[in-house]
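Examination of the molecular architecture
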Amino acid sequence: MQDRYSKIQKFFTACDELVNGTFMLADTRIADVLKAVAGSGELTNLFNAATESFDYNAAKKAYLRYPAGKGETHGIVYFPTDRKQILAFVFCVLVEIDAGVMKFNDFLLRYFYQDGSYTASYAVFAERMIRPFRDIVRDCFPDSGRKDYLERLGKRRDGILETLTEKITIERERISRIALRDTEQDAAETIFAELIAAAGRKDAAETAAILAGYRYFLLYINAVTPESEEILRLAEDL
């Protein structure tokens, strides 16, 4: 039993080092994550189940968009709304990078471009792609342990999303009562519309990303409250 958990813990340690690490060590850290999967029977079973019948080529066309839009010079990564497909998609991306099929340098600057900086682009990659991937796997292995992990993936986050939807509706009304410039009020309405839509789709990654931007909007209009802080804290659990 202890050996089982130590093998799974190696995976989480490798993911943590990838999330918190540097661009220069990324290749090594990605290899460590995949070695940890190969070294654990339960992790291997998890990813075999996640990737079964998963059409990676179709997923790449759907989620790796280049260019991001008309006239854009860089691409963007979208993510599946289904947690099982997020596992499959990110895992396959890491396998391609590790195998050299996809050049990591090019991948970063193409889909996570931040001012031409590998360091800044890597930070976005780690936050948007690796952190949610790691956290989904962590949800599969609670301390009590059980085998039907894929069927339980959505329950906890669905509950958080329902709570967020209620709180976002109240927050929207609060912001509407603040005397803002027209451009600021329009920006707020756009944010709330996107938030409610993302939460309604049960797209945890998109909801968390929008709320990360909302944090800066609140600071800009000087409208942070304990209630808004609670919304942002809940977003960290997605």
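About the thresholds
- Residues numbered from 1 in each chain as written.
- Predicted model: local features only at pLDDT ≥ 70, side-chain atom pairs only at ≥ 80, totals over all residues.
- Heavy atoms only, no water.
- Helix = DSSP H or I, 4+ residues; strand = E, 2+ residues; numbered from the N terminus.
- Buried < 20%, exposed > 50% of the residue type's maximum accessible area, 1.4 Å probe, protein only.
- Contact = heavy atoms within 4.5 Å.
- Axes fitted to C-alpha atoms, helices over the stretch in contact; angles between N-to-C directions.
- Parallel < 35°, antiparallel > 145°, perpendicular 65-115°, else oblique.
- Left-handed = near helix turned anticlockwise from the far one by under 90°.
- Core = buried A, V, L, I, M, F, W, Y, C linked by side-chain atoms within 4.5 Å.

**A closer look at the environment of Ile-196**
With respect to the helices, strands and loops of the structure, Ile-196 is situated in helix α9 (residues 182-200). For Ile-196, a relative accessible area of 28% puts it in the partly exposed group. Put simply, Ile-196 and Leu-218 are 22 residues apart on the chain and 17 Å apart in space, counted from C-alpha to C-alpha. With near-sequence residues (within four places) excluded, Ile-196 lies in contact with Ile-168 and Arg-172.

**Description of the packing of helix α10 (residues 204-221) against helix α11 (residues 226-236)**
Close contact between α10 and α11 brings their axes to 10 Å; oriented N to C, the two are set at 150°. By the angle class used here, α10 and α11 are roughly antiparallel. When you trace α10 past α11, the crossing you get is left-handed. Facing α10, whose interface residues are Ala-208, Leu-211, Arg-215 and Leu-218, α11 presents Ser-228, Glu-229, Ile-231, Leu-232, Ala-235 and Glu-236.

**Here we look at the side chain of Asp-158**
Position of Asp-158 relative to the elements: it lies in helix α8 (residues 153-176). The exposure class assigned to Asp-158 is buried, which follows from its relative accessible area of 19%.

**A short note on the nonpolar core**
Counting 51 residues, the largest nonpolar core has Phe-11, Phe-89, Phe-107 and Met-129 as the members making the most contacts within it. For this core, the elements supplying multiple residues, two or more each, are α1 (2-20), α2 (26-38), α3 (41-51), α4 (56-63), α5 (83-99), α6 (104-111) and α7 (118-140). Leaving out residues up to four positions away in the same chain, Phe-89 has contacts with Phe-54, Tyr-56, Ala-59, Tyr-63, Leu-64, Val-77, Tyr-78, Phe-79, Pro-80 and Met-129. Among the nonpolar cores identified, the runner-up in size contains 25 residues, and Leu-180, Leu-195, Ile-210 and Leu-238 belong to it.

From the geometry alone we can't say anything about function, so treat these as descriptive.
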